[in-house]
Amino acid sequence: MKNEQWNRLFGNELARFDGGMGTLLQAMGLKGGERPERWNLEQPEKVLDVHRRYLDAGAQVITANTFGATRSHLGDDASACMQAGVKLAKQAVNEAGRGYAAIDMGSLGRLPEPYGDLPLEDAIHQFCQAFAAGIDAGGDLILIETMTDLLEVKACVLGAKEAMKILHVSLPLLVSLTFDQRGRLLSGADLPGTVAMLCGLGVDAIGLNCGHEPKGIAQNVKALLACCPLPVFVSPNASLPVVQNGVTVYPTTPSEFTADMAAFVRLGVWGVGGCCGTTPEHIRLLTEATKGMQPIERRVERECVVSGRSVSVTLGKRPVLIGERLNPTGKKRMKEALRANDLDYLLREAIAQTDAGADILDLNVGLPELDEPKTLKAACQAVQTVCDLPLQLDTGDPAALEAALRCYCGKPLINSVCGKQSVMDAVFPLAAKYGGALVALTLDEDGIPETTEGRLAIAQKIITEAEKYGIPKTELLFDALTMTVATNENAANVTLRTARALHEELGVKTVLGVSNVSFGLPQRPVLTASLLAMAIHEGLDAAIMNPGDTLCKSIFDGATAIAGRDPGFARYLEGYGNAAPQMTMTAKVPVFTMGKQSPEALAALDALTSQRKDPNKADDPLYTAIVRGVCGDAATTAQARLNAGEEPLKVIEQSMMPALSAVGEKYEKGTLFLPQLLQSAAAAQAAFDLIRARLPEKAADDPAKKVVVATVKGDVHDIGKNIVKVLLQNYGFTVIDLGRDVAPDAVLAAVREHRAPMTGLSALMTTTVPAMEETIALLHREAPGVKIVVGGAVLNEEYAKQIKADAYGKDAMATVRVCQGWCRS
């Protein structure tokens, strides 16, 4: 668990971070809605005073007042505010003769594409510029904090690393995230998948901050300690704010905070500090209570975890199925789709393989006439909008691989590297930079060895070369290479012996593309399934195959269970329990082939996946397209129904609204996450854009369903507000979006101009909650009767009541439900 950069700063000592900044600046006169970072230039002595107080309290890491020092928040003043902030932190550290000045960085306040409107490269560039200014000002380390979106935190890390590369420095890089109480980021990523991505990106420590008081994040702290091989640090809030006697306070006292934080140290946390509402007194008591406590050495076995948008898969625990169908080789329909840029075809194929039980999806777009870097990047982003599984990025073009790795949300599997020196020289640097497990082919410049010994020698060569890039053999899946038995009846035996030897002699994981064994022979699934069962017996960790091939899929699941590698027969029972069909063998094997489906295959696949569908809407293509988030299909099916003469309102009521309700319910239950919610909303919008033109004017603009939404003055984080806007529009509301940093008077003016009966206000930062309270008071006074719903990371239901809001929306769907309720009342 030791990390060189962490140890360079703290050695074997417990690291102590400082506490909240915004609440202290407010006590010094920072106005509601005023940007704290501007005080680095306008009120430097007050910022310096906060740093000195934390140093006096015992803090070692002094966080510069630069949380929002980016172009998105401060425009052209960003670099000046960043440099001034870091210099103030550095000045305080130099005066004290101890400690470190941390370049602090938070969210840009906008979701990156494809879920938001912020181009990923713009995000990376903004972060890079900000970090470069902080490094130039003398920062000792980089602290990325309060991150809630997996792709944005990746962009931030890449920006930090690229800034360090430009300036030829290497600073410790610490990343802290805010998970909900289910252990999920706002975008749905789980803890193991997030940790896997950050470890792959090469960060030096991972932490948790904000959200709740120590007790409220205790389960996430334990989960992080269990899966993170790097040093862990924790900086919770002193609770969420409440109003007492007209004053905003944070209820967790310094003594309560300290007791809970000391318990985290005894669990194995190596760094402690505070976030919103914590003060120098919290840090002083924490320092005293932990004086003399040494970090506990944790032994966390580094597992090979790959992750997608919201699903992580651990390789090596049980055999996993890698769906092979997103590959144009031998597939006429997919070739046509790629040439026509028909990405919706790829989305349907991805959904079909997911429903059929794939764990990971291989993605290959290699056609000679295509711009592969551009196409693979576009395909990767498109597939990830509807599929939360990890992807296997399959290309022999290093430029295409880098384009996809850069935009990939999570930690992918890379297909592939081999024993050719030129390939290793091209692929390993990319895997080291962006992170990713690798499929390693046991071939080299001389081709594929005919013997097990020859293939093992190549595997050892690959292991040795990977270690030079800091890639351990745990991140490698070796392909023993499946050759057709049509030309060499001993080929499968060599493959199986090699697979076993790779496990037993080299201690590595294995993967096989099993279908090659039957090439050129009749009834291919029979031979493929036979090899698959034998390979699982030999310890196979992953099979690249067609999950829609009902014979091979059933053999995969059955052999895994029989081999004792399906704990509790969980996967087998899920697929073949009482609700699943009986498998009957006939002379003709029903093989599912994407794009050209036999009736037998379709019937088998529908039966196997019926549990995943809504039985009431299984035959409604528009409903399915919206639930799945396939925009093209949603528009096409809606247009077809309108052209057939169906009433527009009937289409909305019978298909669109039930689909949105189903998606909303899954989101509220935590079985579906934000990206899927947004993608379904986009599909519904694609259909509604066509339907709107056919609606009566009154139905298209109901005055009772107008909502003004805004992020309050001083706050430029509009992720939550934008999500609410999209969902409200999809539920038939007319939304007047005032944007970010909106003054109370502007909200009132919009309510009056549009005669809106409802208003939604958002705030992410503690320093902007007073502006929200001011806006609410103004609306109640000048526009009585207007209903106000509030939301944001710093709020809860109790606090919303205390600032006189009419309702609290804990998330986007909850806000929709509130507004629907007001319309019915």
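Sequence order as written defines residue numbering, which begins from 1 separately in each chain. Reporting of local features is limited, given that this is a predicted model, to residues whose pLDDT is at least 70; pairs of side-chain atoms are given and counted only at 80 or more, and all residues count toward the totals for whole chains, interfaces and linings. Only heavy atoms go into the side-chain values, all of them from the structure, while hydrogens and water stay out.

Remarks on the overall build of the protein chain
Here is step 1 of the chain: Helix and strand definitions here come from DSSP, where helices need a minimum of 4 consecutive H or I residues and strands a minimum of 2 consecutive E residues; each element is numbered from the N-terminal end. Broken down by element type, the protein chain carries 33 helices and 25 strands.
Here is step 2 of the chain: Here the globule rule is a power law, 2.2 Å times the number of residues to the power 0.38, and the radius of gyration is based on C-alpha atoms. Whereas a compact globule of 825 residues would reach a radius of gyration of roughly 28 Å, the protein chain reaches 28 Å, a difference of no more than 12%.
Here is step 3 of the chain: Principal-axis analysis of the C-alpha atoms gives the protein chain an extent of 80 × 70 × 50 Å.
Here is step 4 of the chain: Residue exposure (1.4 Å probe, protein chains only): buried if accessible area is under 20% of the type maximum, exposed if over 50%, otherwise partly exposed. Looking at the protein chain as a whole, 60% of its 825 residues are labelled buried.
Here is step 5 of the chain: Expressed as a percentage of contacts within the protein chain between residues at least 6 apart in sequence, the contacts between residues at least 24 apart total 75%. The contact rule is simple, with two residues in contact once any of their heavy atoms fall within 4.5 Å.

Let's talk about the sheet that holds strand β25 (residues 807–808)
Here is step 1 of the chain: Read from one edge of the open sheet, five strands run β22-β21-β23-β24-β25, paired in parallel fashion. Of all the strands in the sheet, just β22 (734–737) and β25 have a single pairing partner and so form its edges.
Here is step 2 of the chain: Every axis in this analysis is a line fitted to C-alpha atoms, fitted for helices over the stretch in contact. Angles between the N-to-C directions lie between 0 and 180 degrees. Together, β21 (706–711), β22 and β23 (758–762) form the strand contacts of helix α29 (residues 719–730), whose direction differs from that of β22 by roughly 155 degrees.
Here is step 3 of the chain: In the packing of helix α33 (residues 812–824) onto the sheet, contacts are made with β21, β23, β24 (787–791) and β25, and the angle to β24 comes to roughly 170 degrees. Strands pair, by our definition, only if DSSP identifies at least two bridges between them.

With respect to the nonpolar core
Here is step 1 of the chain: Grouped together as the largest cluster of nonpolar side chains are 162 residues, with contacts concentrated most on Phe131, Ile142, Ile144, Leu198 and Ile206.
Here is step 2 of the chain: Counting residues per element, this core draws most heavily on helix α8 (residues 150–167), which supplies ten residues.
Here is step 3 of the chain: Beyond its immediate stretch of four places on either side in the chain, phenylalanine 131 contacts Ile103, Met105, Ile142, Ile144, Cys156, Gly159, Ala160 and Ala163.
Here is step 4 of the chain: Think of a nonpolar core as a cluster: buried Ala, Val, Leu, Ile, Met, Phe, Trp, Tyr and Cys residues, connected wherever their side-chain atoms sit within 4.5 Å. Leu674, Phe688, Val709 and Val789 belong to the second largest nonpolar core, which has 48 residues in total.

Quick notes on the pairing of strand β11 (residues 304–307)
Here is step 1 of the chain: Burial of the side chains of β11 extends over both faces: Cys304 and Val306 are buried on one face and Val305 and Ser307 on the other.
Here is step 2 of the chain: Once β11 ends, the chain turns through four residues before running back antiparallel as strand β12 (residues 312–315).

Some points on the side chain of aspartate 557
Here is step 1 of the chain: Checked against the element boundaries, aspartate 557 lands in helix α21 (residues 550–562).
Here is step 2 of the chain: Overall, aspartate 557 belongs to the buried group, its relative accessible area being 2%.
Here is step 3 of the chain: Of note is the side chain of aspartate 557, whose polar atom sits 2.6 Å from the side chain of lysine 553.
Here is step 4 of the chain: Each residue touching aspartate 557, except ones within four places of it in the same chain, is listed here: Arg571, Tyr572 and Tyr576. Any pair of nitrogen or oxygen atoms within 3.5 Å is treated as a polar contact; in protein, a donor-acceptor pairing is required on top of that, and neighbouring residues in sequence qualify only through side-chain atoms on both sides.

Details of the environment of glycine 739
Here is step 1 of the chain: With respect to the helices and strands, glycine 739 occurs in the loop between β22 and α30 (744–754).
Here is step 2 of the chain: For the pair glycine 739 and glycine 539, spaced 200 residues apart in sequence, the C-alpha to C-alpha distance is 56 Å.

A word on the sheet that holds strand β18 (residues 476–479)
Here is step 1 of the chain: Strand order in the closed barrel formed by eight strands is β13-β14-β15-β16-β17-β18-β19-β20, with parallel pairing between adjacent strands. Adjacent strand axes in the sheet meet at a mean angle of 30 degrees, parallel and antiparallel pairs treated alike.
Here is step 2 of the chain: In this sheet, β18 lies alongside strand β17 (residues 437–441) in parallel orientation, the contact comprising four bridges. By the bridge assignment, valine 439 is partnered in β18 with leucine 477.
Here is step 3 of the chain: Along the sheet, helix α17 (residues 421–434) makes contact with β16 (413–418) and β17, crossing β16 at roughly 155 degrees.

Quick notes on the pattern of salt bridges
Here is step 1 of the chain: Just to be clear on terms, a salt bridge is a Lys or Arg side-chain nitrogen sitting within 4 Å of an Asp or Glu carboxyl oxygen. Following the criterion strictly, the structure yields 39 salt bridges and no others.
Here is step 2 of the chain: Across the pair arginine 52 and glutamate 45 runs a salt bridge, and its minimum N-O distance is 3.8 Å.
Here is step 3 of the chain: Assessed through its relative accessible area of 52%, glutamate 45 is described here as exposed.
Here is step 4 of the chain: The shortest N-O distance in the salt bridge between glutamate 281 and arginine 284 comes to 2.5 Å. Note that glutamate 281 and arginine 284 are positioned in helix α12 (residues 280–289) at a spacing of three residues, about one turn of the helix.
Here is step 5 of the chain: Among the residues examined, glutamate 281 registers a relative accessible area of 32% and is labelled partly exposed.
Here is step 6 of the chain: Each of Glu121, Glu162, Glu402, Arg406 and Lys433 takes part in one network of salt bridges that share partners.

Remarks on the pairing of strand β4 (residues 141–147)
Here is step 1 of the chain: Here β4 lies mainly inside the structure; seven of its seven residues are buried.
Here is step 2 of the chain: Clockwise travel from the first strand over the helix to the second, with the strands pointing away from the viewer, marks a crossover as right-handed. This β-α-β element, strand β3 (residues 100–105) to helix α7 (residues 120–136) to β4, shows right-handed connectivity.
Here is step 3 of the chain: In this structure, β4 lies alongside strand β5 (residues 173–177), joined through four bridges in parallel fashion. The residue of β5 that forms the bridge with leucine 143 is leucine 174.
Here is step 4 of the chain: What joins β4 to β5 is α8, and the crossover it makes is right-handed.

Let's talk about the packing of aromatic side chains
Any two aromatic rings considered together are summarised by their centre-to-centre distance and by the angle between their planes.
Here is step 1 of the chain: Pairs were defined over the aromatic rings of Phe, Tyr and Trp, the Trp ring being its six-membered one, requiring ring centres within 6.5 Å. Orientation was assigned from the angle between planes: stacked under 30 degrees, edge-to-face over 60, tilted for the rest. Counted under the stated rule, the structure contains seven aromatic pairs.
Here is step 2 of the chain: Ring centres of tryptophan 6 and phenylalanine 10 lie 4.7 Å apart, and the angle between their planes is 55 degrees; this geometry places the pair in the tilted category. With tryptophan 6 and phenylalanine 10 both in helix α1 (residues 4–10), this residue pair falls four residues apart, about one helical turn.
Here is step 3 of the chain: Assessed through its relative accessible area of 4%, phenylalanine 10 is described here as buried.
Here is step 4 of the chain: Ring geometry for phenylalanine 428 versus tyrosine 469: centroids 5.7 Å apart, planes at 35 degrees, classification tilted. One end of the pair, phenylalanine 428, is in helix α17; the other, tyrosine 469, is in the loop between α18 (452–468) and β18, with 41 residues separating them in the sequence.
Here is step 5 of the chain: Through successive ring pairs, a cluster of aromatic residues spans Trp6, Phe10, Phe17, Tyr100 and Phe233.
Here is step 6 of the chain: The criterion for a charge sitting over a ring is simple: Lys NZ or Arg CZ within 6 Å of the ring centre, and within 35 degrees of the ring normal. It is lysine 705 that lies over the ring of phenylalanine 733; its NZ or CZ is 4.7 Å from the centre.

Examining the packing of helix α13 (residues 332–339) against helix α14 (residues 343–355)
To characterise two packed helices, one gives the angle between the axes of the helices and the distance between these axes.
Here is step 1 of the chain: Two elements in contact, α13 and α14, have axes separated by 8 Å at closest approach and are oriented at 140 degrees. Looking at the two axes, α13 sits oblique to α14. Contacts between α13 and α14 pair Arg333, Met334, Ala337 and Leu338 from the former with Tyr345, Leu346 and Arg348 from the latter.
Here is step 2 of the chain: Classification used: nonpolar for Ala, Val, Leu, Ile, Met, Phe, Trp, Tyr, Cys and Pro, charged for Asp, Glu, Lys and Arg, polar for all others including Gly. Its residues assigned to classes, the contact of α13 with α14 comprises five nonpolar, no polar and two charged. If an angle is under 35 degrees, it is roughly parallel; if it is over 145, roughly antiparallel; if it lies from 65 to 115, roughly perpendicular; otherwise it is oblique.

Side note on the environment of glycine 558
Here is step 1 of the chain: One can find glycine 558 in helix α21.
Here is step 2 of the chain: Along the chain, glycine 558 and glycine 436 lie 122 residues apart, while their C-alpha atoms are 30 Å from each other.

A short note on the confidence of the model for the protein chain
Here is step 1 of the chain: Per residue, pLDDT captures the predictor's confidence, and it can take any value from 0 to 100. Across the protein chain, the average pLDDT comes to 91, with 94% of residues at or above 70.
Here is step 2 of the chain: Counting contacts from residues 604–613, a segment whose pLDDT is below 50, to residues more than four positions away or on other chains yields 17 contacts.

Some remarks on the packing of helix α16 (residues 398–407) against α17
Here is step 1 of the chain: The interhelical angle for the contact between α16 and α17, taken along N-to-C directions, is 10 degrees, at an axis separation of 10 Å. Taken together, the axes of α16 and α17 are roughly parallel relative to one another. For the pair α16 and α17, the contacting residues are Pro398, Leu401, Glu402, Leu405 and Arg406 in the first and Ala426, Val427, Leu430, Lys433 and Tyr434 in the second.
Here is step 2 of the chain: Per-class residue counts for the contact of α16 with α17 are seven nonpolar, no polar and three charged.

With respect to helix α9 (residues 191–201)
Here is step 1 of the chain: Within α9, ten of the eleven residues are buried, which leaves the element mostly enclosed by the surrounding structure.
Here is step 2 of the chain: Every buried residue of α9 is listed here: Leu191, Gly193, Thr194, Val195, Ala196, Met197, Leu198, Cys199, Gly200 and Leu201.
Here is step 3 of the chain: Between the side-chain oxygen at the start of α9 and the backbone nitrogen of glycine 193 there is a gap of 2.9 Å, and the oxygen is on aspartate 190.
Here is step 4 of the chain: Note on α9: the residue one or two positions beyond its end, glycine 202, has a positive phi of about 85 degrees.

Quick look at α17
Since one α-helical turn is 3.6 residues long, residues separated by three or four positions face the same way.
Here is step 1 of the chain: Helices are assigned an expected span. That span is 1.5 Å times one less than the residue count. Spanning 14 residues, α17 covers 20 Å between terminal C-alpha atoms, matching the ideal 20 Å at 1.5 Å per step.
Here is step 2 of the chain: Buried within α17 we find Met424, Val427, Phe428, Leu430, Ala431 and Tyr434.
Here is step 3 of the chain: If you follow the buried residues of α17, they end up packed against α8, α9, α16, β16, β17 and α18.
Here is step 4 of the chain: Immediately downstream of α17, the backbone of glycine 435 shows phi near 85 degrees, a positive value.

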